[in-house]
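As a plain string of letters, each chain reads:
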Amino acid sequence: GDPVPEVATQFPSPAPINLALNRTASASSAQSNNPISSGNDSSSSTRWCAVDGNTGHWWKVDLGASKDIIGGTQVMWEQSGKAYKYKIETSNDDVNWTLKVDKTNNTSTNQIQNDVFVDTARYVRITVTGLPSGAWASFYDFKVLGITANLAENKAASSDSTLTGIPVSRAVDGNSISRWIAADQAAGHWVTVDLGKIKNITYGTQVGFEK
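Just so it is clear, the structure is predicted and the values come from calculations on it, not from any experiment.

Visitor: It is not clear to me how the side chain of Ser-138 should be interpreted in this structure. Could you clarify?
Guide: Looking at the element boundaries, Ser-138 is found in strand S9 (residues 138–147). Taking the relative accessible area as the measure of exposure, Ser-138 reaches 0% and is therefore buried. One polar contact links Ser-138 to Arg-47, side chain to side chain, over a distance of 2.8 Å. The contact partners of Ser-138, leaving out residues within four places of it in the chain, are Arg-47, Trp-48, Cys-49, Trp-77, Glu-78 and Tyr-84.

Structure below.
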């Protein structure tokens, strides 16, 4: 005769997004026609490629700030049917690195390699440790799969005033070392961000002022 207990509402986990998309990246080297930025532009027709066929080349992405990585990484190599050997490391300071994926003995010939892990990091680096015959260190796309609590990140923003060369987009780029500045020191200046659609704001807002 006891009442049936209510089932607590379960909200679905947010779908992972590509935290590396169009973020600032660097590499040990790059061909002029296959630049570093082509490694994380989400295009399967452009690619990053090292300047020679040696092993040891690396490619690194700066996520702008420490982010929750919930789905690991995905890399789409230049050639299918060949086993690329590599390792993936993460860091929060670009100095101390933690090994998250060790495929230095990889035998899989899948062109797309998925490596699942969970971490909180700002930098993610992939290093090519071994190459199959006829292949160079080169991939079409590298993704870092995670979540962001910042609904405003990289959304369209506007302001009533901005200092030349320091656009309002820097206020919502998720980078803790970039900033927006109004054109003068007067009060009353504003920034507006378009979240793209109606969103549930559950934790309010956070602003990091210059000083």
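Visitor: Sorry, what's going on with the pattern of salt bridges here?
Guide: Pairs may arise between side chains of opposite charge once their charged atoms sit close together. Taken as a whole, this structure holds 8 salt bridges when the rule is applied. When the shortest N-O distance is used, the salt bridge between Glu-153 and Arg-23 registers 2.4 Å. With Glu-153 in the loop between S9 and strand S10 (156–159) and Arg-23 in the loop between strand S1 (17–18) and strand S2 (25–27), this pair connects stretches of sequence that are 130 residues apart. As far as the burial class goes, Glu-153 and Arg-23 line up, both buried. The salt bridge partner of Asp-115 is Lys-103, with a shortest N-O separation of 2.9 Å. Residue Asp-115 is found in strand S7 (residues 112–115), and its partner Lys-103 is found in strand S6 (residues 98–103); the two are separated by 12 residues along the sequence. Shared partners join several salt bridges into a network, and the residues in it are Arg-23, Lys-67 and Glu-153.

Basis of the calculations
- Residues numbered from 1 in each chain as written.
- Predicted model: local features only at pLDDT ≥ 70, side-chain atom pairs only at ≥ 80, totals over all residues.
- Heavy atoms only, no water.
- Helix = DSSP H or I, 4+ residues; strand = E, 2+ residues; numbered from the N terminus.
- Buried < 20%, exposed > 50% of the residue type's maximum accessible area, 1.4 Å probe, protein only.
- Polar contact = N/O pair within 3.5 Å; in protein donor to acceptor, adjacent residues only side chain to side chain.
- Contact = heavy atoms within 4.5 Å.
- Salt bridge = Lys/Arg side-chain N within 4 Å of Asp/Glu carboxyl O.

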